[in-house]
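This is what each chain is made of:
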Amino acid sequence: MDISVGTKGSPGWWLEKGFKKIEERAPRLNNLNAWHEGNPPAPTAVQTAREAFKEFEEEAVTNFAELIVGAVRERMTVRDIRTGGSGEKSDGVAWGHWVNNNLSVEMSSVIETFLWAGDSYVIVGKDPETDKVVVTAEDPRQVVTFHNPLNQSQLRAALKVLHDPDEGRAYAVLMLRGGKDKSGAQFNARRFVAYMDTDSAEIPAFTAEDWTWDADQGGQDGEELPHQLVPVVRFRNRRGQGEFESHIKILRRINRSVFQLTVIVMYQAYKQRAVILDDSEEDDVQVQNSFKEEIGIGDLDDALTSDPGSWFLLPRGAKIWESTQTDVQGILSAIKDDVARLAAVTRRPMSIFAPDNQSAAGSDFTREGLTFATEDKITRATQGIVDLFHLIFLTEGDEVRSDRSKIMVGWNPSVRYSLSDMASATSQVAGTMPKRTIYREIWQKTPAEIMQIEAEASDELLLTQELDQVGELGMSADELAVRFDALGRAQRAAVTGESAAKAVGLDGLEFNEGRSTSLKFPDEA
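Residues numbered from 1 in each chain as written. Predicted model: local features only at pLDDT ≥ 70, side-chain atom pairs only at ≥ 80, totals over all residues. Heavy atoms only, no water.

J.: In this structure, what is going on with the pattern of salt bridges? I would like to understand it.
T.: Side chains that differ in sign of charge can pair as their charged atoms come close. What the rule picks out here adds up to 16 salt bridges. Across the pair Glu245 and Arg28 runs a salt bridge whose closest N-O atoms are separated by 2.8 Å. Of this pair, Glu245 sits in the loop between β12 (232-236) and α6 (248-267) while Arg28 sits in helix α1 (residues 11-37), placing them 217 residues apart in sequence. Measuring nitrogen to oxygen at the nearest pair gives 3.5 Å for the salt bridge that ties Arg82 to Asp80. On the basis of relative accessible area, Arg82 is assigned to the buried category, the value being 17%. Three or more residues are tied together by salt bridges with common partners; here these are Glu243, Asp376, Lys377 and Arg380. (Salt bridge = Lys/Arg side-chain N within 4 Å of Asp/Glu carboxyl O. Helix = DSSP H or I, 4+ residues; strand = E, 2+ residues; numbered from the N terminus. Buried < 20%, exposed > 50% of the residue type's maximum accessible area, 1.4 Å probe, protein only.)

J.: Can you help me understand the sheet that holds strand β3 (residues 133-138) in this one?
T.: Two pairing modes exist for strands in a sheet, parallel and antiparallel, and in both the strands are linked by backbone hydrogen bonds. An order of β3-β2-β12 is seen for the three strands of this open sheet, with the pairing classed as antiparallel. The open sheet is flanked by β3 and β12, the only strands paired with a single partner. The average undirected angle you get between the axes of adjacent strands in this sheet is 20 degrees. (Pairing = 2+ DSSP bridges. Axes fitted to C-alpha atoms, helices over the stretch in contact; angles between N-to-C directions.)

J.: Help me understand the environment of Leu225, please; the structure alone is not making it clear to me.
T.: Along the chain, Leu225 falls in the loop between β11 (223-224) and β12. Separated by 100 residues in sequence, Leu225 and Gly125 have C-alpha atoms that sit 8.9 Å apart. Those residues within four positions of Leu225 in sequence are excluded, and the remaining contacts are Asn188, Ala189, Arg190, Arg191 and Pro231. (Contact = heavy atoms within 4.5 Å.)

J.: Explanation requested: the pairing of strand β6 (residues 169-176) in the structure shown.
T.: The side chains of a regular strand alternate, first on one face of the sheet and then on the other. Buried residues dominate β6, accounting for seven of its eight residues. As paired strands, strand β5 (residues 151-164) and β6 are joined by eight bridges and run antiparallel to one another. If you follow Asp164 over to β6, its bridge partner there is Arg169. Counting the residues in the hairpin turn of β5 and β6 gives four residues, including Gly168, whose phi is positive at 70 degrees. Direction of pairing for β6 relative to strand β9 (residues 190-197): antiparallel, over a ladder of eight bridges.

J.: What exactly am I supposed to notice about the packing of helix α3 (residues 64-73) against helix α5 (residues 103-117) here?
T.: For any two helices packed against each other, one specifies the inter-axial angle together with the distance between the axes. Between α3 and α5, the shortest axis-to-axis distance is 10 Å and the interhelical angle comes to 135 degrees. One finds that α3 runs oblique with respect to α5. For the element pair α3 and α5, the recorded crossing hand is right-handed. Residues Val69, Val72 and Arg73 of α3 form the contact with α5, whose own contacting residues are Ser108, Ile111, Glu112, Leu115 and Trp116. (Parallel < 35°, antiparallel > 145°, perpendicular 65-115°, else oblique. Left-handed = near helix turned anticlockwise from the far one by under 90°.)

J.: What's the story with the packing of aromatic side chains in this structure? I'm lost.
T.: How two aromatic rings sit relative to each other is given by the distance of their centres and the angle of their planes. Considering all chains together, one arrives at nine aromatic pairs under this definition. Geometrically, the ring pair formed by Phe192 and Trp213 is tilted, given 5.9 Å between the ring centres and 55 degrees between the ring planes. Of this pair, Phe192 sits in strand β9 while Trp213 sits in strand β10 (residues 212-213), placing them 21 residues apart in sequence. No difference in accessibility class separates Phe192 from Trp213, as the two residues are buried. Members of the aromatic cluster, connected to one another through ring pairs, are Trp95, Trp98, Phe389 and Phe393. A cation over a ring is seen here: Lys21 above Phe146, with NZ or CZ 4.9 Å from the ring centre. (Phe/Tyr/Trp six-rings, centres within 6.5 Å; stacked < 30°, edge-to-face > 60°. Lys NZ or Arg CZ within 6 Å of the ring centre and 35° of its normal.)

And the structure:
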C-alpha cells in the first residue's frame, strides 16, 4: 500500500521530510568522512594526467584530520555513572547497562563521530527476545532528527534508514514524539517502520509509491513506545561542525605542497645529464644516427648509463651537460609553517603533528589548550549521556533513576599525571582530603580500582594486627612464617583457632569473631 504524504504532521509526511534531510546532508558528511579516513580529494587539478599521478597523489596525503579528532577522543573516557538511586556512589545498575551494551567501545565511536561530523546519534530500544534495553551508536549519514526550534533539546521526530543485505530490503524507522491530544489525554511516542525491496547497498530515494509500511511492526499505525520521548539522543559538537571542518583549506594546502614536493623529488631533485651536439648543418635524426654509428650502439638510451664502471665514448665536438640539484628546503619550510598554523587554529600541540623538542613553557601552554578543548567536548558529551540514561531508565520504568537532574557522569581526567607528581600532591593534601578523594582525583583511579585498593588495605590491616599480637614472642620472621603456614593448614583441616595456635606454638593468639580474610577455607577453593 502506498504511503500517504499529503497530510502535514502525518507519519508519511515526516518520512518524506526525513529522507530529504538525509539526502541534503550526504555530500557534506561524505566529504568530511573522506578527510577523516585519509581519502580526501586529490591535491592536483591535472585531470589529463590523473592515472599517471595517482600514486603521487596518494603519497601526498597526510591524515592530519584523524589526528585532530583522535587527540581529543583519546582523552575522553567515562569513569562512572551516578543516579538518584545511588546517591554519591557509582550506580551499579547504570554501570550494568554500560557494560551490557558495550558502551566503553560504542561511546568512543559516538564521540569520534560527533568530533569529525559535528553530530552523532544513539538510539535506545528493547530486544524483542530478551526484553532488555539495547543501546546502539548511529551514523549521522543514516539518522536525522527534528527539534523544537524554541527548545533544541526537545526532539519532535527522528528517522533512521538502513539496508539489510540478507533480506534484500531497505528499511526506514520513523519515531514520533508523544504528547496530548485535543481532549487533553496523553499518548506515548510511536515507532513506524517502512520498507522497500532492493539489492543495492545504497539507500534509495523516497517515493511514496515504492515504500510500504511494515505490517509486522504495526503497519501505518506503528507501535507504541513505553514513554513519550523520541528514543534518540543527539551528540552535537560546537556549531554542529566537525573539529577540522573549518580548517579544510589549510589541510588542502598542506597536501598540495607535499604533492608538489613529491613530484619535484621524483623528477627534478637529482642531477640530470645530456649530450650537446653541434647540429647546425644536419637535422636531429641524422645527428643522432651518426652519433650511434660512431660509438657503436643501437639505442641512445644506453649512452650515459650510471653504472660505476661505465665509460662514455662521445664524438668529436660533443659536450656533456649536467643540471644542478633542485633545492627543496623552501618547500619543506613552507609545509612546516602550514603545519604550525594548523596546530594553532585547532588548539592542538605541535608535537602531535610533528614530534620535536620544545621549551617547557611552550609545552605547558599547548597542553593547556588541548585540555581546555577536551573539557569543552566533555561538557557537551555529558549532556548526551545524561539524556541517554534518562531514556534507558524510562524504557525500563525506573522512575527513581530516570530523574534527569540526579544523573551525573564521572570522567577520567583529561590530563595524566606522572608518579612523582601524584606522590607529591598526595603528601601535600594528606590529612586534609579523604583517601577516597585522593585515589580518585590525584591517583586517577576508577571506582572499581578504588574498591580493590580499599579491600587490599583491609587485608593488610588484619594481617598487621595478627602480627602485632605475636610480636612479643621473639621469633624470627622466617620462623613466624612457618608457624603461620602451619596454623593455616590446621584451620583448613577444621581444627579450632585456639587449638591450632597452641599446636603450632602460638599460644595466646587472639582470634576475631569472623574468619581472617588472609586464610582460604575448603569451601572457598
